[in-house]
Amino acid sequence: MSRPVFIAGRALLCAAGNSPPAVASTLWAGECAPGRRRLGEREFPYFALNLPESAWQARAEQAMHALAAQLGPLDEKTPLFIASSSFQMGQFEAAGSPFELPPACAAFSRQLADWLGLNGSCYSFSTACTSGFSALDAARSLIAAGLIDDAVVLGVELANNSTLAGFAAMELLSRSTARPFDVRRDGLVLGEAVAAVRLSAQPATWRIAGLRTGLDAYSTTGPDPDGGPIAALTVDCLQEAKMPAGDIELVKLQAAGSPGTDLAEANALRRVFRERMPPLLSLKPYLGHTLGASGIAELVALLACLDAEQIPATAGFAESDPEIALKPTVVRSNTYIERALLQLIGFGGGLASLIVERRQ
């Protein structure tokens, strides 16, 4: 029989704050103004980390030390599972040309482990926006099987021009703000984040009740508009958790303001929940879309809100898209939540669903 897996420790640095409680406070206050990042002759809204260091490598090291302090003492042999879309791309850019790319990201992964004070096994995951839950799933599976007792899952996405340029070239970036599910939504707002969770077989407040990852092969750039694959994965996650859809009290949306993906996610939610739709919340207007780090960063931010029993409003939403016909949370509320569903929909077809449950 597999063992239950708990979230025993959490750490987060993002544009909304430099600790989970600080982020929860920012979200509750509704503060979400992004900065700007220049790309050639253009500027885009961007959610940057608030760090005194300016050099790329120094910022990365400072961020890791801050996470380590939040996590507290760790056994140095604790396995590390790293999720990122860009890894050390910003470091390569800072080095200038010519520079030599390594054959893989393994060297930087080892550096991240060293900064965290870990020298055990180290694994890297890069599956676009679902990277965090892919890493979480791998660590969770090993703990559940009794092969390890603890693990640290790290999400890292640090500023670089290559990522910004790629999304800009595909015309996927908003010039103003993220508007999840809104009729005026016009694209993503990117951001930086570093976040970590410590998983354990030892009981803690929050348990991973269900976790499923999969692929939507409809297109390399977006999900099936009718939401079928997303809905099927969500149902699979509910079945693993042994929960009916009606037990879910809150859904943390992927919704980042993308015209196609937001619509597909809404259609999937209607298939799963039908007329009993739970409250819906998007965190990306506060944190930015932090790509490979988004799964872990948004998990930590959400749990901080749930611990405080304060559910923020979804910033950026004003008017429903008639096609979507769903409204995310627009009024903050003091609410005690026991079970929440977190959704990820990644570029290239990656899908992930996670259910967390408060331990009784």
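Up top you'll find the structure we're talking about.
For the structure given in this document, a descriptive report is provided here. Remember, predicted model here, so these are calculated numbers, not experimental data. Residue positions are given per chain, counting from 1 as you read along its sequence in written order. Selection of residues for local features in this predicted model requires a pLDDT of at least 70, selection of side-chain atom pairs for listing and counting requires 80 or more, and totals for whole chains, interfaces and linings are taken over all residues. Hydrogens and water are ignored here; the side-chain numbers use all heavy atoms of the structure.

## A short note on the environment of Glu192
For step 1, the next point in the chain: Structurally, the position occupied by Glu192 is in the loop between β7 (190-191) and β8 (193-200).
For step 2, the next point in the chain: Taking the C-alpha atoms as reference points, Glu192 and Ala159, separated by 33 residues in sequence, lie 6.0 Å from one another.
For step 3, the next point in the chain: The contact criterion used is simple: two residues touch if any of their non-hydrogen atoms lie within 4.5 Å. Here Glu192 is in contact with Cys14, Ala15, Tyr46, Phe47, Ala48, Leu49, Arg59, Glu157, Leu158, Ala159 and Thr290, once residues within four sequence places are set aside.
For step 4, the next point in the chain: Each polar contact in these results corresponds to two N or O atoms within 3.5 Å; when the atoms are within protein, one needs to be able to donate a hydrogen and the other to accept it, and residues that are neighboring in sequence are counted only if both atoms are side-chain atoms. There is a polar contact of 2.9 Å between the side chain of Glu192 and the backbone nitrogen of Leu49.
For step 5, the next point in the chain: Of note is the side chain of Glu192, whose polar atom sits 2.9 Å from the side chain of Arg59. The numbering of helices and of strands both runs from the N terminus, where a helix is a DSSP run of H or I of at least 4 residues and a strand a run of E of at least 2.

## Section: the state of the cysteines
For step 1, the next point in the chain: Cysteine sulfur atoms that come within 2.5 Å of each other are treated as a disulfide pair. Going through the model one piece at a time under the given rule, you end up with 0 disulfides.
For step 2, the next point in the chain: Residue Cys305 stays outside any disulfide, its sulfur separated by 10 Å from that of Cys14, the closest cysteine.

## Brief notes about the sheet that holds strand β6 (residues 150-157)
For step 1, the next point in the chain: Here, a strand pair is defined by DSSP locating no fewer than two bridges between the strands. One open sheet holds the 10 strands; their spatial order is β5-β4-β6-β8-β1-β9-β15-β14-β10-β11, and the pairing between them is mixed. Single-partner strands in this sheet number two, and they are β5 (122-125) and β11 (280-281).

## Things to note about the pairing of β6
For step 1, the next point in the chain: Here's how the labels work: a residue is buried when its accessible area is under 20% of the maximum for its type, exposed when over 50%, partly exposed in between, all with a 1.4 Å probe on protein chains only. Counting buried positions over the 8 residues of β6 gives 7, a clear majority of the element.
For step 2, the next point in the chain: Direction of pairing for strand β4 (residues 80-83) relative to β6: parallel, over a ladder of 4 bridges. Within β6, the position partnered with Phe81 by the bridge is Val153.
For step 3, the next point in the chain: In the sheet, β6 pairs with β8 via 8 bridges, with the strands oriented antiparallel. When the sheet's bridge partners are listed, Ala151 is paired in β8 with Leu199.

## Things to note about the packing of helix α7 (residues 228-241) against helix α8 (residues 259-273)
For step 1, the next point in the chain: To get an axis, fit a line to the C-alpha atoms, keeping to the stretch in contact for a helix; angles then go from 0 to 180 degrees between the N-to-C directions. Between α7 and α8, whose axes approach to 8 Å, the crossing angle comes to 45 degrees. In terms of orientation, α7 lies oblique with respect to α8. In terms of crossing hand, the pair formed by α7 and α8 is right-handed. Across from Gly228, Ile230, Ala231, Thr234, Val235 and Leu238 in α7, the residues of α8 making contact are Ala264, Glu265, Ala268, Arg271 and Val272. To sort the angles, those under 35 degrees are grouped as roughly parallel, those over 145 as roughly antiparallel, those from 65 to 115 as roughly perpendicular, and the leftovers as oblique. Take the far helix as your reference; a near helix turned counterclockwise from it by less than a right angle gives a left-handed crossing, and one turned clockwise gives a right-handed crossing.

## Let's talk about the sheet that holds strand β3 (residues 42-47)
For step 1, the next point in the chain: Judged by pairing direction, the sheet is mixed, and its 3 strands sit side by side in the order β2-β3-β7 without closing on themselves. Of all strands in the sheet, those bounded by a partner on one side alone are β2 (35-39) and β7.
For step 2, the next point in the chain: Bridge count for β3 against β7 is 2 bridges, and the pairing is parallel. Paired with Phe47 across the strands is Gly191, a residue of β7.

## Brief notes about the environment of Val189
For step 1, the next point in the chain: In this structure, Val189 sits in the loop between α6 (161-169) and β7.
For step 2, the next point in the chain: Residue Val189 is classed as buried on the basis of its relative accessible area of 3%.
For step 3, the next point in the chain: Excluding residues within four positions of it along the chain, Val189 makes contact with Pro34, Pro45, Tyr46, Phe47, Ser174, Thr177, Ala178, Gly288 and His289.

## Topic: α8
For step 1, the next point in the chain: When the terminal C-alpha atoms of α8 are compared, their 22 Å separation across 15 residues agrees well with the 21 Å that a helix rising 1.5 Å per residue should span.
For step 2, the next point in the chain: Most of α8 sits out of view: 11 of its 15 residues are buried.
For step 3, the next point in the chain: All buried positions along α8 are accounted for by Thr261, Asp262, Leu263, Ala264, Glu265, Ala266, Asn267, Ala268, Leu269, Val272 and Phe273.
For step 4, the next point in the chain: Check the buried side of α8 and you find it contacts α7, β10 (250-252), β11 and β14 (339-345).
For step 5, the next point in the chain: The first or second residue beyond α8 is Arg274, which carries a positive phi of 55 degrees. To estimate the expected span of a helix, subtract one from its residue number and multiply by 1.5 Å.

Honestly, that's just the spatial picture; any functional story needs more than this.
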